[in-house]
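# Residue-level structure breakdown
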Amino acid sequence: NAGVMQNPRHLVRRRGQEARLRCSPMKGHSHVYWYRQLPEEGLKFMVYLQKENIIDESGMPKERFSAEFPKEGPSILRIQQVVRGDSAAYFCASSPPWAREKGQPQHFGDGTRLSIL
Amino acid sequence: EDQVTQSPEALRLQEGESSSLNCSYTVSGLRGLFWYRQDPGKGPEFLFTLYSAGEEKEKERLKATLTKKESFLHITAPKPEDSATYLCAVHGSSNTGKLIFGQGTTLQVKP
């Protein structure tokens, strides 16, 4: 499967715990994007990363949320001290290196459904 | 501020009944308009990219068109398997590849 891989598909956490969501981009893609889809809302941009660099985090909440894309391994979206309002579907997308110059399509994974008890 | 509005929110069609979905956008410097299909429990699946007014793309029963203010997704003789949520997104003034999505149109095609 050469698509964007996200895991876990479903994650249940209690309030105050940490959630870690993983994303492996498509082969040959070095740009990763995270989006959040709240119930009854559209997809909202959170953060854009390249290997070892955060390019745009304008959509990330200021507190509790962080993202990384290390030289080796998947991109990680980390949510600390989760609250009920963090319950949502979190999608990762990837695109090839030349995406910025002319809008290239982003290819999405099937998401992680995060539920906060 | 870049903005995308899709209409209608929901659309019910009989099999074979053609129709169009609308995506209105406001963006300074369009770098691309994208159509995606999303099935329940799945991620958005890429359908089309449009770059400039007058451009058209076609795939099976779907045809996407673009003007300076809006895009249409035309569905010709739909089948029940075309039932899904169709999302429109723009890559606009941001220099970072950030996509702005509309709320989507949920299409149901009845046999």
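Bear in mind the structure is a predicted one, so any value in this text is a computation, not a measurement.

Conventions adopted
- Residues numbered from 1 in each chain as written.
- Chains lettered and ligands numbered in written order.
- Predicted model: local features only at pLDDT ≥ 70, side-chain atom pairs only at ≥ 80, totals over all residues.
- Heavy atoms only, no water.
- Helix = DSSP H or I, 4+ residues; strand = E, 2+ residues; numbered from the N terminus.
- Contact = heavy atoms within 4.5 Å.
- Areas by Shrake-Rupley, 256 points an atom, 1.4 Å probe, with all protein chains shown as cover.
- Lys, Arg positive; Asp, Glu negative; His and termini not counted.
- Charge placed at Lys NZ, Arg CZ, Asp CG, Glu CD.
- Disulfide = S-S within 2.5 Å.
- Buried < 20%, exposed > 50% of the residue type's maximum accessible area, 1.4 Å probe, protein only.
- Pairing = 2+ DSSP bridges.
- Axes fitted to C-alpha atoms, helices over the stretch in contact; angles between N-to-C directions.
- Buried area = accessible area lost by both parts, 1.4 Å probe.
- Salt bridge = Lys/Arg side-chain N within 4 Å of Asp/Glu carboxyl O.
- Nonpolar A, V, L, I, M, F, W, Y, C, P; charged D, E, K, R; others polar.

## Description of the overall build of chain A
Each helix and strand counted, chain A has 0 helices and 11 strands in total. Along the longest, intermediate and shortest principal axes, the C-alpha atoms of chain A span 40 × 30 × 30 Å. In chain A, once contacts between residues fewer than 6 apart in sequence are set aside, the share between residues at least 24 apart is 54%. Working note: accessible area of chain A is about 6,000 Å², and carbon and sulfur atoms make up 46% of it. With 18 positive and 12 negative side-chain charges, chain A shows a spacing of 5 Å between the two charge centroids.

## Side note on the state of the cysteines
All names here are of chain B. Scanning the model with the defined rule gives 2 disulfides over all chains in all. Covalently, cysteine 23 is tied to cysteine 88 through a disulfide, its sulfur atoms 1.9 Å apart. Its S-S torsion of about -60° marks the bond between cysteine 23 and cysteine 88 as left-handed, since a negative value means left-handed. Taken together, the positions of cysteine 23 in strand E3 (residues 19-26) and cysteine 88 in strand E9 (residues 84-91) put the pair 65 residues apart, joining distant regions of the chain. Assigned by exposure class, cysteine 23 and cysteine 88 land together as buried.

## Some details on the sheet that holds strand E6 (residues 56-59) of chain B
The strands making up a sheet associate through backbone hydrogen bonding, with each pair oriented either parallel or antiparallel. All names here are of chain B. Judged by pairing direction, the sheet is antiparallel, and its 5 strands sit side by side in the order E1-E3-E8-E7-E6 without closing on themselves. The sheet is open, and its two borders are formed by strand E1 (3-7) and E6, each paired with just one other strand. The sheet shows a mean angle of 15° between the axes of neighbouring strands, taken without regard to direction. Relative to E3, E1 runs antiparallel, the two being bridged by 5 bridges. Of the residues in E3, the one forming a bridge with glutamine 6 is cysteine 23.

## What to know about the sheet that holds strand E3 (residues 19-24) of chain A
All names here are of chain A. Strand order in this open sheet of 4 strands is E1-E3-E8-E7, and the pairing throughout is antiparallel. The sheet terminates laterally at strand E1 (5-7) and strand E7 (65-68), the two strands that pair on one side only. Geometrically, the sheet is characterised by an average inter-axis angle of 15° between neighbouring strands, direction not taken into account. Relative to E3, E1 is paired through 3 bridges, and the arrangement is antiparallel. Counted as the bridge partner of glutamine 6 is cysteine 23 from E3.

## A closer look at the interface of chain A and chain B
Contacts between the two partners involve 27 residues from chain A, matched on the other side by 22 residues from chain B. Between chain A and chain B lies a buried interface of about 1,900 Å² when both sides are counted; carbon and sulfur atoms form 52% of it. At the junction of chain A and chain B, the tally comes to 1 salt bridge. In this structure, Lys42(B) engages Asp110(A) in a salt bridge whose closest nitrogen and oxygen atoms are separated by 3.9 Å. Every element with two or more residues in the side of chain A that touches chain B is listed here: strand E4 (31-37), strand E5 (43-50), strand E6 (53-56) and strand E10 (107-108) of chain A. Here the side of chain A that touches chain B is built from residues that sort into 10 nonpolar, 8 polar and 9 charged.

Read these as spatial facts, not as claims about activity.
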